[in-house]
Amino acid sequence: MAASKPVEPQSGTGLPRWQLALLIGTPIVLGAGAVYLWNRRRTKERKGTGERKTPEGSPGRHQPSPLDRAQAAKNKGNKYFKATKYENAIQCYTEAIALCPTEQKSDLSTFYQNRAAAYEQQMKWTEVVQDCSKAVELNPRYIKALFRRAKALEKLDNKKECLEDVTAVCILEAFQNQQSMLLADKVLKQLGKEKAKEKYKNREPMMPSPQFIKSYFSSFTDDIISQPLQKGEKKDEDKDKEGEAAEVTESSGYLKAKQYMEEENYDKIISECTKEIESGGRYTAEALLLRATFYLLIGNATAAQPDLDRVINMQEANVKLRANALIKRGSMYMQQQQPLLSTQDFNMAAEIDTRNPDVYHHRGQLKILLDQVDEAVGDFDECILLRPDSALAQAQKCFALYRQAYTGNNPSQVQTAMDGFEDVIKRFPKCAEGYALYAQALTDQQQFGKADEMYDKCIELEPDNATTYVHKGLLQLQWKQDLDLGLELISKAIEIDNKCDFAYETMGTIEVQRGNLDKAIEMFNKAINLAKSEMEMAHLYSLCDAAYAQTEVARKYGLKPPTL
């Protein structure tokens, strides 16, 4: 199975999309995600915290009380506010605050909140925060004041406190208000990007697990550097140089690196490639591409790009090396959220190596991420035409067609896509990816039993693939609400591959849903340290910050979302 985890394309609703996809699409994960991660639609009665009406009574018959006079000042302020005379409104609300008895906390909090609304119109953010804080002190669950303060804190670039306020608002509103959800999404993404930028710059490069590396290379079928070299193998132009070839075989850093690849001794590959490059050996282009590939695998895109650039610009190099470098640079650009540069590289690869199935396979994945499903299907078709035995391309084409039909709410096309999956697994019974993608589609269709069978097939074919165990664990939660079995399967994934960041992320998500926020933060931090790109790291920081914000809201206001 392919090992990358790009972000799913955004839906047209504008709502947050929190979960990273595994290759293309993910099964439904419990909850809405991040800070909110457990967003069950439910009906909840809430007392209104709006403005209090003027007290009943006949002012003509009795001397107005201080509260009556305060209410009158507030009402006058409301008229000025509607007339956009904000300075006059502020004066009236200030008078109402001064007149209001201190024991009338509900009314007093309303007056402060109203004055904050007027300050907001004048863009006096510090004053807004001060008045909303007074309102919240008097009425700790005052939604209007909390949300208005959150917006002002964002303007003041105080993201941490803004997030805490908007988290409280989302919980109080039972996650039904799109405005507060979108503000939370925005702030979480900003915080995640800021933290990831700093952390990623100073991170220690980490070699992923052997299973991840093998999965990555298995997504290429026309990649020279991933093919095993036969002993004494030489380029065509060297076939008449027997003595020289033997010497190269013994001294070539690149050939040694290839030997280390076969032995799964991955830590030595970069250094051996460097020897080949520095000596100007005949395998310089291959060594540059192999070194760049492993730089990408350990998450060092900065070091990878110059090597990829050199290979791409080597006009004398094998065209397949140059095309492969373009595919990898294009994928790197997509990870960096630069889709235009990514598209340019894939198009250039298709121009220089028109019959390379890898180009169309990987460009098809890019098109899916960009929600260009028709073009993706065309690329998968081209890949299949060039390599009819490409089970992976066949399975991914089915999934692209399924997603198109599912999002377009076309039942007949959905069934056609499901029939396509049946055909793929029948013709390619040893393609684990076919079963995995079919399982995701079956989960969407709530055919949980059959989805479970497909994951069992994946595990039978690839018993050391940790990601499959995570997906199967999530299925148990959604299907049977079996928390213990779900956690057992995800723990098994970590046991198989203790570098599986997706397993730690999922475990953290579940712990948030269970209300174990400290444990969730621990899991998210483990995933952060294993993230393979800055974009993945930013996503994980968002989840971690969301969980931390919940701990602060629980401490300050005693507010917690429902748990499993």
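The numbering scheme is per chain: residues are counted from 1 as the chain's sequence reads. Selection of residues for local features in this predicted model requires a pLDDT of at least 70, selection of side-chain atom pairs for listing and counting requires 80 or more, and totals for whole chains, interfaces and linings are taken over all residues. The basis for every side-chain value is the complete set of non-hydrogen atoms in the structure, without hydrogens or water.

## Looking at the overall build of the protein chain
Working step 1: Put simply, DSSP H or I for four residues or longer makes a helix, DSSP E for two residues or longer makes a strand, and each gets a number counted from the N terminus. When helices and strands are counted, the protein chain shows 26 helices and 0 strands.
Working step 2: The rule is simple: take the accessible area with a 1.4 Å probe, protein chains only, and divide by the maximum for that residue type; under 20% is buried, over 50% is exposed, in between is partly exposed. Across the 564 residues that make up the protein chain, the buried fraction comes to 56%.
Working step 3: Pairs of residues are marked as contacts when any of their non-hydrogen atoms sit within 4.5 Å. Pairs at least 24 residues apart make up 60% of the contacts formed inside the protein chain by residues separated by at least 6 positions.

## Let's talk about the UniProt feature "repeat: TPR" (unreviewed entry) in the protein chain
Working step 1: Sequence positions flagged by UniProt for "repeat: TPR" (unreviewed entry) are, in local numbering, residues 70-103, 357-390, 432-465 and 501-534.
Working step 2: Secondary structure content for residues 357-390 is 79% helix and 0% strand, while the C-alpha to C-alpha distance between its ends is 9 Å.
Working step 3: Across residues 432-465, the secondary structure splits into 79% helix and 0% strand, with the terminal C-alpha atoms separated by 10 Å. UniProt positions are given in the numbering used here, feature names are shortened, and annotations may be inferred rather than shown by experiment.

## A short note on the environment of F524
Working step 1: Turning to its location among the elements, F524 is positioned in helix α25 (residues 517-530).
Working step 2: What makes F524 buried here is its relative accessible area of 0%.
Working step 3: In this structure the C-alpha to C-alpha distance between F524 and Y504, which are 20 residues apart in sequence, comes to 6.4 Å.

## Things to note about the packing of aromatic side chains
Working step 1: When two rings of Phe, Tyr or Trp (its six-membered ring) have centres within 6.5 Å they constitute a pair, described as stacked for plane angles under 30 degrees, edge-to-face for angles over 60, and tilted for the intermediate range. For the coordinates displayed, the defined rule picks out 10 aromatic pairs.
Working step 2: Between Y216 and F217, the aromatic rings sit 5.6 Å apart at their centres with planes inclined by 80°, giving edge-to-face as the arrangement.
Working step 3: Judged by its relative accessible area of 9%, F217 is buried.
Working step 4: We count a charge as sitting over a ring when the NZ of a lysine or the CZ of an arginine lies within 6 Å of the ring centre and within 35 degrees of the ring normal. Taking the ring centre of F220 as reference, the NZ or CZ of K328 above it sits at 5.0 Å.

## Details of the nonpolar core
Working step 1: Among the nonpolar cores identified, the biggest contains 55 residues, and F217, I269, L290 and F294 are the most heavily contacted of them.
Working step 2: No other element matches helix α12 (residues 284-297), which puts 10 residues into this core.
Working step 3: If sequence neighbours within four positions are ignored, I269 has contacts with A257, Y260, M261, L290 and F294.
Working step 4: For this analysis, a nonpolar core means a set of buried residues of the types Ala, Val, Leu, Ile, Met, Phe, Trp, Tyr and Cys, connected via side-chain atoms within 4.5 Å. With 49 residues, the next largest nonpolar core counts A96, Y119, V166 and A184 among its residues.

## Section: empty space enclosed by the protein
Working step 1: Think of a 1 Å grid over just the protein atoms. A cavity is a set of points where a 1.4 Å probe fits yet cannot get out, a pocket is an open set with protein on both sides within 12 Å along at least five of seven lines, and lining residues have an atom within 4 Å of a point. Grid points are joined across faces, edges and corners, and a volume is the space filled by probe spheres set on the points. Overall, the coordinates contain 5 cavities of 30 Å³ or more when judged by the stated rule.
Working step 2: Taken together, R203, M206, M207, P208, L297, I298, K499, N529, L530, A531 and K532 form the lining of the second largest cavity.
Working step 3: Gly falls in the polar group here, along with every residue not listed as nonpolar (Ala, Val, Leu, Ile, Met, Phe, Trp, Tyr, Cys, Pro) or charged (Asp, Glu, Lys, Arg). When grouped by side-chain class, the residues that make up the lining of the second largest cavity number 7 nonpolar, 1 polar and 3 charged.

## Examining α12
Working step 1: By this rule the span expected of a helix is its residue count minus one, scaled by 1.5 Å. Between its first and last C-alpha atoms α12 spans 20 Å; for 14 residues at 1.5 Å apiece the expected length is 20 Å, and the two agree.
Working step 2: Burial analysis of α12 places 14 of its 14 residues in the buried class, which makes it a mostly covered element.
Working step 3: G299 occupies a position one or two residues after α12 and carries a positive phi of about 85°.

## As for the pattern of salt bridges
Working step 1: A pairing counts as a salt bridge when a side-chain nitrogen of Lys or Arg comes within 4 Å of a carboxyl oxygen of Asp or Glu. Scanning the entire structure with this criterion turns up 32 salt bridges.
Working step 2: Where D157 meets K159, a salt bridge forms, and the shortest distance between an N and an O atom there is 2.5 Å.
Working step 3: On the accessibility criterion, D157 (53% relative accessible area) is exposed.
Working step 4: According to the relative accessible area criterion, K159 is buried, its value standing at 11%.
Working step 5: Put simply, K320 and D222 hold a salt bridge, and the shortest N to O gap is 2.9 Å. Here K320 is found in helix α14 (residues 319-335), whereas its partner D222 is found in the loop between α8 (210-218) and α9 (242-251), with 98 residues between them in sequence.
Working step 6: Here K320 falls in the partly exposed class, since its relative accessible area comes to 24%.
Working step 7: Note on D222: relative accessible area 16%, which makes it buried.
Working step 8: Residues joined by salt bridges that share partners form a network here, namely E120, R148 and K151.

## Regarding the packing of α8 against α12
Working step 1: Contact geometry for α8 and α12: axes closest at 12 Å, N-to-C directions at 125°. Our classification of the angle between α8 and α12 gives oblique. Here the hand of the crossing between α8 and α12 comes out right-handed. Across from F212, I213, Y216 and F217 in α8, the residues of α12 making contact are T293, F294 and L297.
Working step 2: Taken together, the residues of the contact of α8 with α12 break down into 6 nonpolar, 1 polar and no charged. Every angle, taken between N-to-C directions, lies between 0 and 180 degrees, and every axis is a line fitted to C-alpha atoms, over only the stretch in contact when it is a helix. An angle below 35 degrees is treated as roughly parallel, one above 145 as roughly antiparallel, one from 65 to 115 as roughly perpendicular, and anything else as oblique. With the far helix as reference, a near helix turned anticlockwise by less than a right angle produces a left-handed crossing, and one turned clockwise produces a right-handed crossing.

## What to know about the side chain of D307
Working step 1: When you line up the elements, D307 lands in helix α13 (residues 301-312).
Working step 2: Relative accessible area serves as the criterion here: at 5%, D307 is assigned to the buried category.
Working step 3: Distance and chemistry together define a polar contact, namely a pair of N or O atoms within 3.5 Å, with one atom able to donate a hydrogen and the other to accept it when in protein, and with adjacent residues in sequence counting only for side-chain atoms on both sides. A polar contact of 2.7 Å, which involves the side chain of D307, links it to the side chain of R291.
Working step 4: In this view, D307 contacts L288, R291, A292 and Y295; residues no more than four positions away in its chain are not counted.

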